[in-house]
Amino acid sequence: MILVAGATGNVGGELLRQLRADGVAVRALTRDAARAGLPAGVEVVEGDFAVPRSLAGAFAGVAAAFIVVSGHEAAVLAQAAGAGVRRVVLLSSMAVQTRPESLIGVMHRDAERAVAESGLEWTLLRPGQFASNTRSWRTQIAAGDVVRTPFARVGLPAIHPGDIAAVARAALVEDEHVGASYSLTGPESITPVEQVAAIGRAIGRELRHQEITAGQAEAQMLAHMPAGIVAASLEFLGSPTAQETQVLPTVETVTGKPARTFAQWADDNAGAFR
Ligand SMILES: NC(=O)c1ccc[n+]([C@@H]2O[C@H](COP(=O)([O-])OP(=O)(O)OC[C@H]3O[C@@H](n4cnc5c(N)ncnc54)[C@H](OP(=O)(O)O)[C@@H]3O)[C@@H](O)[C@H]2O)c1
């Protein structure tokens, strides 16, 4: 049995689909089963990483677990080890290497340390920017044809969450990835201007990009994100390091399939913008 945390999220949701398609026995973890909207036939268990004692049922009979960062890794992993879990795959972040002093870097580094000290077999996944972050444009696209973002022409190799999930799937079921830390990117750099155009093509509309200042974006983001995360995100989006803009071959090396483009992600998720 494999436990998939974040099963209602971008990566965990894709991982759940891929493991089920393989015929692997999976259990989906969510904090609220009633709101999760998981597919019929999926074994769903409620649990919250912030309340480690809520996880006893989640880990029972599980051989390998996919986990997301919560800030409670040491206690979560102690529960997992106590229940007999052998292997854990952590969804971390490239920021551990590229921005170790930022809040995002520190959170993910602490989680990685707890995993490495857990005594379990482990694999760390360190993706850069997700293609799915553009889901935050849905309200703008529903309201009109203009999408406003900062850093119009800064390109980053955004990754399809399905490709992160494919690497996670390999790490959960194959032995050769134990002890590996995988930095993950998409196959090409793409700017916000190009992302808006790609979503427009996917949904059959002529969308336009309009640049706003970093200050305007900051004010909007602070409404729903902690200040430290906003600061780190804007720094990353506006002034990526050479390492953050580099296209890496890891997805194809691990899965045997090329990483999918942003245009493919937009086609796969067109329904979210209609
Ligand atoms: N977005 C990026 O560009 C990016 C880049 C690098 C790394 N990452 C990493 O990827 C992670 C996930 O990103 P995402 O876009 O896939 O997120 P997402 O779609 O918002 O999903 C987050 C998932 O985490 C689960 N979750 C949150 N808190 C939990 C808790 N206390 N206990 C159990 N489950 C909990 C949620 O499950 P329920 O709500 O169903 O409980 C949800 O399924 C980020 O948090 C970050 O660590 C993201």
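What you see is a predicted model, and the numbers here were worked out from it, not measured in a lab. (Residues numbered from 1 in each chain as written. Predicted model: local features only at pLDDT ≥ 70, side-chain atom pairs only at ≥ 80, totals over all residues. Heavy atoms only, no water.)

Caption draft 1: Representation of unusual backbone geometry within the structure. One non-glycine residue, Phe151, lies in positive phi territory at about 55 degrees. For Phe151, a relative accessible area of 18% corresponds to the buried category. (Buried < 20%, exposed > 50% of the residue type's maximum accessible area, 1.4 Å probe, protein only.)

Caption draft 2: Summary view of the pattern of salt bridges. According to the stated counting rule, one finds 11 salt bridges in the structure shown. Of the charged contacts in the structure, one is a salt bridge between Asp175 and Arg87, with a shortest N-O distance of 2.7 Å. Taken together, the positions of Asp175 in the loop between helix H8 (161-173) and strand E8 (181-184) and Arg87 in strand E5 (residues 87-91) put the pair 88 residues apart, joining distant regions of the chain. Arg87 sits in the buried class, given a relative accessible area of 8%. Here Arg109 makes a salt bridge to Asp110, at a shortest N to O gap of 3.0 Å. Looking at Asp110, the relative accessible area reads 37%, which means it is partly exposed. Taken together, the shared-partner salt bridges connect Asp22, Arg169 and Glu174 into one network. (Salt bridge = Lys/Arg side-chain N within 4 Å of Asp/Glu carboxyl O. Helix = DSSP H or I, 4+ residues; strand = E, 2+ residues; numbered from the N terminus.)

Caption draft 3: Layout of the packing of helix H10 (residues 214-222) against helix H11 (residues 227-238). Axis separation between H10 and H11 bottoms out at 10 Å; the angle between their running directions is 145 degrees. H11 is crossed by H10, and the crossing has right-handed handedness. Only Ala227, Val230, Ser233 and Leu234 of H11 make contact with H10, whose side of the interface consists of Ala214, Ala217, Glu218, Met221 and Leu222. (Axes fitted to C-alpha atoms, helices over the stretch in contact; angles between N-to-C directions. Left-handed = near helix turned anticlockwise from the far one by under 90°. Contact = heavy atoms within 4.5 Å.)

Caption draft 4: Quick look at the packing of aromatic side chains. Scanning the entire structure with this criterion turns up 2 aromatic pairs. Ring geometry for Phe262 against Trp265: centres 5.6 Å apart, planes inclined by 35 degrees, an arrangement best described as tilted. Of this pair, Phe262 and Trp265 are both found in helix H14 (residues 262-268), 3 residues apart, which corresponds to roughly one turn of the helix. Summarising the burial analysis for this pair, Phe262 and Trp265 share the class buried. Taking 6.0 Å as the distance between ring centres and 75 degrees as the angle between the ring planes, the aromatic pair formed by Trp265 and Phe273 counts as edge-to-face. The exposure class of Phe273 is buried, given its relative accessible area of 4%. In this structure an aromatic cluster arises from ring pairing among Phe262, Trp265 and Phe273. (Phe/Tyr/Trp six-rings, centres within 6.5 Å; stacked < 30°, edge-to-face > 60°.)

Caption draft 5: Main features of the UniProt feature "domain: NAD(P)-binding" (unreviewed entry) in the chain. As recorded in UniProt, the sites labelled "domain: NAD(P)-binding" (unreviewed entry) are residues 6-172. Split by type, residues 6-172 is 40% helix and 18% strand. Its first and last C-alpha atoms lie 15 Å apart. (UniProt positions renumbered as here; feature names shortened; annotations may be inferred.)

Caption draft 6: Structural context of the site of the ligand. Of all residues adjacent to the ligand, which total 21 residues, the nearest are Thr8, Thr30, Arg31, His108 and Asn133. Between the ligand and the protein, one listed contact pairs an oxygen atom with a backbone N or O atom of Gly6 at 3.4 Å. His108 places a side-chain nitrogen or oxygen 2.6 Å from an oxygen atom of the ligand. Calculation on the ligand without its partners gives an accessible area of 910 Å², and the protein chains cover 72% of this total. Its residues placed into classes, the shell around the ligand shows 8 nonpolar, 11 polar and 2 charged. (Near = heavy atom within 4 Å. Polar contact = N/O pair within 3.5 Å; in protein donor to acceptor, adjacent residues only side chain to side chain. Areas by Shrake-Rupley, 256 points an atom, 1.4 Å probe, with all protein chains shown as cover. Nonpolar A, V, L, I, M, F, W, Y, C, P; charged D, E, K, R; others polar.)

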